[in-house]
Amino acid sequence: MLDKMFKLHTFNIDKKWLDLIKSGEKKSEIRRYYLPLEGKKVGLMNNDTDKIEAIITIGMVLDLKGLEEEDLELIFQEAHIDEEFRKHYPCNYLYTIKKVETVH
């Protein structure tokens, strides 16, 4: 019944990124796709446990395609996205995080 009343979008995420978000050190999330989630809550599901460990409120969603390499480098540094990750994952959109709620 609750599922019908409240539908929460989720992002699957590795534990190392999840821990950085929960600590407040990482204030954005990179995705390959765009979803209109501005102002909405999104569950962060730990890839290892398949459990939602945090709920974030999305601020802005920024399209990174077409930005200058210099600007992208600053964004990726701020988002804690390393070169190895970028080689294997298309970093097309940046979802800023306004609020983090830890799920117990």
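Note: the structure precedes this text.
All residue numbers refer to positions counted from 1 along the written sequence of the respective chain. Only residues with pLDDT of 70 or above have their local features reported here, since the model is predicted, and side-chain atom pairs are shown and tallied only from 80 upward, although totals for entire chains, interfaces and linings are computed over all residues. As a rule here, side-chain values cover all heavy atoms of the structure and leave hydrogens and water aside.

## A few points about the overall build of the protein chain
Okay, so step 1: Counting its regular elements, the protein chain contains four helices and five strands.
Okay, so step 2: Only DSSP runs of H or I covering at least 4 residues are called helices, and only runs of E covering at least 2 are called strands; the numbering of each starts at the N terminus. Its helices and strands in sequence order give the protein chain the pattern α-β-α-β-β-β-α-α-β, from N to C terminus.
Okay, so step 3: Every radius of gyration here is taken over C-alpha atoms, with the globule rule written as 2.2 Å times N^0.38, N being the number of residues. Computed over C-alpha atoms, the radius of gyration of the protein chain comes to 14 Å, within 12% of the 13 Å expected from 2.2 N^0.38 for 104 residues, which places it in the range of a compact globule.
Okay, so step 4: In terms of principal-axis extent, the alpha carbons of the protein chain reach across some 45 × 25 × 20 Å.

## Focus on the sheet that holds strand β1 (residues 9-13)
Okay, so step 1: The strand order across the open sheet built from five strands is β1-β3-β4-β5-β2, with neighbouring strands paired in mixed fashion. Single-partner strands in this sheet number two, and they are β1 and β2 (28-31). The sheet shows a mean angle of 40° between the axes of neighbouring strands, direction not considered.
Okay, so step 2: The pairing of strand β3 (residues 41-46) with strand β4 (residues 52-63) spans five bridges and is classified as antiparallel. Bridge pairing links Lys41 to Thr57 in β4.
Okay, so step 3: Lying on the sheet, helix α2 (residues 15-23) is in contact with β1, β2, β3, β4 and β5 (93-102); it crosses β4 at an angle near 85°. Pairs of strands are assigned from DSSP output, requiring at least two bridges between the strands. All axes here are fitted lines through C-alpha atoms, helices being fitted over the stretch that makes contact, and every angle between N-to-C directions spans 0 to 180 degrees. Contacts: residue pairs with any heavy atoms within 4.5 Å of one another.

## Observations concerning the side chain of Arg86
Okay, so step 1: Note that Arg86 resides in helix α4 (residues 83-88).
Okay, so step 2: Under the scheme applied here, a residue whose accessible area is under 20% of the maximum for its type counts as buried, over 50% as exposed, and between as partly exposed, the area being computed with a 1.4 Å probe on protein chains only. For Arg86, a relative accessible area of 19% corresponds to the buried category.
Okay, so step 3: Once residues lying within four places of it in the same chain are set aside, the contact partners of Arg86 are Glu73, Phe76, Ile81 and Cys91.

## Section: unusual backbone geometry
Okay, so step 1: Residue Asp50 is not a glycine yet carries a positive backbone phi of 55°.
Okay, so step 2: Since its relative accessible area comes to 57%, Asp50 is described here as exposed.
Okay, so step 3: Positive phi values are uncommon outside glycine, yet His80 reaches one of about 60°.
Okay, so step 4: Note that His80 resides in the loop between α3 (69-78) and α4.
Okay, so step 5: Residue class for His80 comes out partly exposed when judged on its relative accessible area of 27%.

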